[in-house]
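Coordinates in review
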Amino acid sequence: VLQQAPHLQILNHYGPTETTVGVLTCRLRPDVTDGSQPVPLGRPLAHTRIFLADRRMAPVPRWVSGELYVGGRNVSRGYLGRPDLTAERFVPDPFGSASGGRLYRTGDRCRYLEDGRLEFLGRVDHQVKIHGYRIELGEIEAILLEHPQVREAVVIVHQAEGQEPRLAAYLTSVEGAALEVEALREHLRQQLPDYMVPQWLIVLKSLPLTANGKINRRELPEPEAADLAQQYVAPRNELEQQLASIWQ
């Protein structure tokens, strides 16, 4: 509705605090932002240099995802009192000609679109390794979100003491929809190998959020407890109520 208002422009603005907040921008237009596709991060602002690189810090080609590096005048000096973290996130610029140039490693995984704008794909630190397989949690989340009845999805690695790590997916449904776990599991199997299908698919009324409105992964319920809660069936008659009372 806002996009139809006259003389009104809406901009999607991206930028970490470490790069003085603003580095990429994308003007939202109704013909390219109808809600069916993610909103692009856009193109760099003035005095900003953008690079996508792999784990060896080698540039990646178009349509190949890579970690987003930011260079230019807006890159800050580092973290106050944290030289170790500064050295990890602010790295020498191998692509620039200026002596002493630095790049900030955002930790965001992106790719270039055909028109040159950047698309956000997830976090590089959400890539995990289970049973020897390297797994992108964001890829599983993206396929879950393709299901028409799924509103939100987040996938984590859960490892109980003395057990192997396993995947757990937490979901919320669109208004009025009733998510069926087996149907969701089949939806995943059609597009992912078995080792990427989460052990748990847990439907919640809402996902826990931080004060900034981001998903608070630390506050997600334990998968085993949440799974048991979903499977609970209340006593249906007097006999079952008596049995339940005995075993309580």
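These notes cover the structure that comes with them. Position numbers for residues start from 1 in each chain and track the written sequence from start to end. Two thresholds apply to this predicted model, a pLDDT of at least 70 for residue-level local features and 80 or more for giving and counting side-chain atom pairs, whereas whole-chain, interface and lining totals are computed over all residues. Side-chain numbers here rest on the full set of heavy atoms in the structure, without hydrogens or water.

**Observations concerning the sheet that holds strand S13 (residues 200-203)**
Quick reminder of the rule: Strands were regarded as paired on the criterion that DSSP finds at least two bridges between them. To qualify as a helix, a DSSP run of H or I must reach at least 4 residues; to qualify as a strand, a run of E must reach at least 2; elements of each kind are numbered from the N terminus. Note on definitions: angles span 0 to 180 degrees between N-to-C directions of axes, and those axes are lines fitted to C-alpha atoms, for helices only across the stretch in contact.
One open sheet accounts for 3 strands, arranged S11-S12-S13; its pairing is mixed. Of all strands in the sheet, those bounded by a partner on one side alone are strand S11 (150-158) and S13. Mean inter-strand twist for the sheet, computed between neighbouring axes without regard to direction, equals 20°. Two elements, S11 and strand S12 (residues 166-173), share 8 bridges in a ladder whose sense is antiparallel.

**Overview of the state of the cysteines**
Under the convention used in this document: The criterion for a disulfide is a pair of cysteine sulfur atoms lying within 2.5 Å. For every residue, the accessible area obtained with a 1.4 Å probe (protein chains only) is divided by the maximum for its type, and the residue is called buried under 20%, exposed over 50%, and partly exposed between those limits.
A complete count under the given rule lists 0 disulfides for this structure. Not engaged in a disulfide, the cysteine Cys-110 finds its nearest cysteine sulfur in Cys-26; these two sulfurs lie 13 Å apart. Its relative accessible area of 0% is what places Cys-110 among the buried residues.

**Quick notes on the sheet that holds strand S3 (residues 43-44)**
Read across the open sheet, the 3 strands follow the order S1-S2-S3; overall the sheet is antiparallel. This sheet does not close on itself; its edge strands, each paired only once, are strand S1 (11-14) and S3.

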